[in-house]
Amino acid sequence: MTTTDSERAAAELARGVVEARLGACVQVVPIRSFYRWDGAVQDDPEWQLQIKTPAARLDALVAHLREHHGYEVPEVIATPIVGGNPGYLSWLDAETAG
């Protein structure tokens, strides 16, 4: 998962991730974020990207996001997939085979 500051930036990141086969699917959701940055509490609209990828592609995905993200310190958080629809999980693996 990562966040960015505009719908356009989110779409560019999402498309780049899927085109590079680093994620099989990226869902983009508008959110509102509260966080501390530069010594002050911020309140900003952001777009959250939920990226579906197998653990074996995580390092390459993180490297891609760090290279193409517009933030100085982009949020990149991985949550393990511990189960799910076997057909979907097979599709995820096939679409991210590099």
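Residues numbered from 1 in each chain as written. Predicted model: local features only at pLDDT ≥ 70, side-chain atom pairs only at ≥ 80, totals over all residues. Heavy atoms only, no water.

Chemist: In this structure, what is going on with the packing of aromatic side chains? I would like to understand it.
Modeler: The geometry of an aromatic ring pair is captured by two quantities: the separation of the ring centres and the angle between the planes. For the coordinates displayed, the defined rule picks out one aromatic pair. Centre to centre, the rings of Tyr 88 and Trp 91 are 5.4 Å apart; their planes meet at 45°, and the pair counts as tilted. Of this pair, Tyr 88 and Trp 91 both sit in helix 3 (residues 86-95), three residues apart, which is roughly one turn of that helix. (Phe/Tyr/Trp six-rings, centres within 6.5 Å; stacked < 30°, edge-to-face > 60°. Helix = DSSP H or I, 4+ residues; strand = E, 2+ residues; numbered from the N terminus.)

Chemist: Looking at this model, I keep getting lost on helix 1 (residues 7-19). Mind explaining?
Modeler: What sets the pattern is the α-helix's 3.6 residues per turn: residues three or four places apart point alike. Over its 13 residues, helix 1 runs 18 Å from end to end, which matches the ideal 18 Å to within 8%, given 1.5 Å per residue. Taken together, the buried positions of helix 1 are Ala 10, Leu 13, Ala 14, Gly 16 and Val 17. Projected down its long axis, helix 1 carries its buried residues within an arc of 165°, all on one side. Across from the buried face of helix 1, at angles greater than 90 degrees, the exposed residues are Glu 7, Arg 8, Glu 12, Arg 15 and Glu 19. Those residues of helix 1 hidden inside the fold are in contact with strand 1 (2-4), strand 2 (25-37), strand 3 (40-52) and helix 2 (58-68). After helix 1 finishes, the residue Arg 21 shows a positive phi value of roughly 60°. (Expected span 1.5 Å × (residues − 1). Buried < 20%, exposed > 50% of the residue type's maximum accessible area, 1.4 Å probe, protein only. Arc of directions from axis to C-beta. Contact = heavy atoms within 4.5 Å.)

The analysis is restricted to geometry; functional conclusions fall outside its scope.
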